[in-house]
Amino acid sequence: MAKILILHGPNLNLLGRREPAIYGHDTLAKIDAACATLAKTSGVELCCQQSNAEHQLIDWVQAAPADGVVFIIINPGGYTHTSVALRDALAAVALPFIEVHLSNVAAREPFRQHSYFSDLALGTISGLGALGYELALTAALRWLGNQSSAKT
């Protein structure tokens, strides 16, 4: 069974009450539950983690291959614009990943418009709120299915 890791960066634990006009009203628990339902119906194992600590996110990325993870979906939060270390961890493990942002970062403050991850990611989903996670998971499932088909 394929295993997908969803990583949520800093302050995403406050979803639902943190600037809902920007980030929406859905809680992180609701986002994770929707993704878990989609994963279960698709026959994949899903692990969702959130941390405000950069080193914890890096540790989870580094452990992913040994844990059997074959794909990562990540919303780096504020680390999107600052974390070379988290970028380096994703590059080192060489697992495919999709970058997700709830808000449209291209339409926000100039400092939010640069990502240290986008050029490494298979794709980026931005500005679609909580739906972005489900779309990323759907894309990951399709990508994994295409990889399996190519091997047979």
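Colleague: For this particular structure, what's the right way to read helix H3 (residues 54–63)?
Modeller: Residues that lie three or four places apart on an α-helix share one face, since the helix turns once every 3.6 residues. Every buried residue of H3 is accounted for by Leu57, Ile58, Trp60 and Val61. Buried residues in H3, looked at end-on, bunch into an arc of 160°, giving them a common side. Those residues of H3 that are exposed and aimed more than 90 degrees away from the buried face are His55 and Gln62. Those residues of H3 that are buried lie in contact with strand E1 (3–8), strand E2 (45–50) and helix H4 (84–93).

Colleague: What is the right way to look at the pairing of strand E3 (residues 69–75) in this model?
Modeller: On a regular strand, each side chain points to the face opposite its neighbour's, so the side chains alternate between the two faces of the sheet. Within E3, six of the seven residues are buried, leaving the element largely enclosed by the surrounding structure. Sheet topology places E1 next to E3; six bridges connect them, and they run parallel. Note on E3: the bridge partner recorded for Ile6 is Ile73. Alignment of E3 against strand E4 (residues 97–101), held across three bridges, turns out to be parallel. Each residue of the ladder has a partner; that of Ile73, found in E4, is Ile98. Handedness of the E3-H4-E4 crossover: right-handed.

How each quantity is defined
- Residues numbered from 1 in each chain as written.
- Predicted model: local features only at pLDDT ≥ 70, side-chain atom pairs only at ≥ 80, totals over all residues.
- Heavy atoms only, no water.
- Buried < 20%, exposed > 50% of the residue type's maximum accessible area, 1.4 Å probe, protein only.
- Helix = DSSP H or I, 4+ residues; strand = E, 2+ residues; numbered from the N terminus.
- Arc of directions from axis to C-beta.
- Contact = heavy atoms within 4.5 Å.
- Pairing = 2+ DSSP bridges.
- Right-handed = clockwise from strand over helix to strand, strands pointing away.

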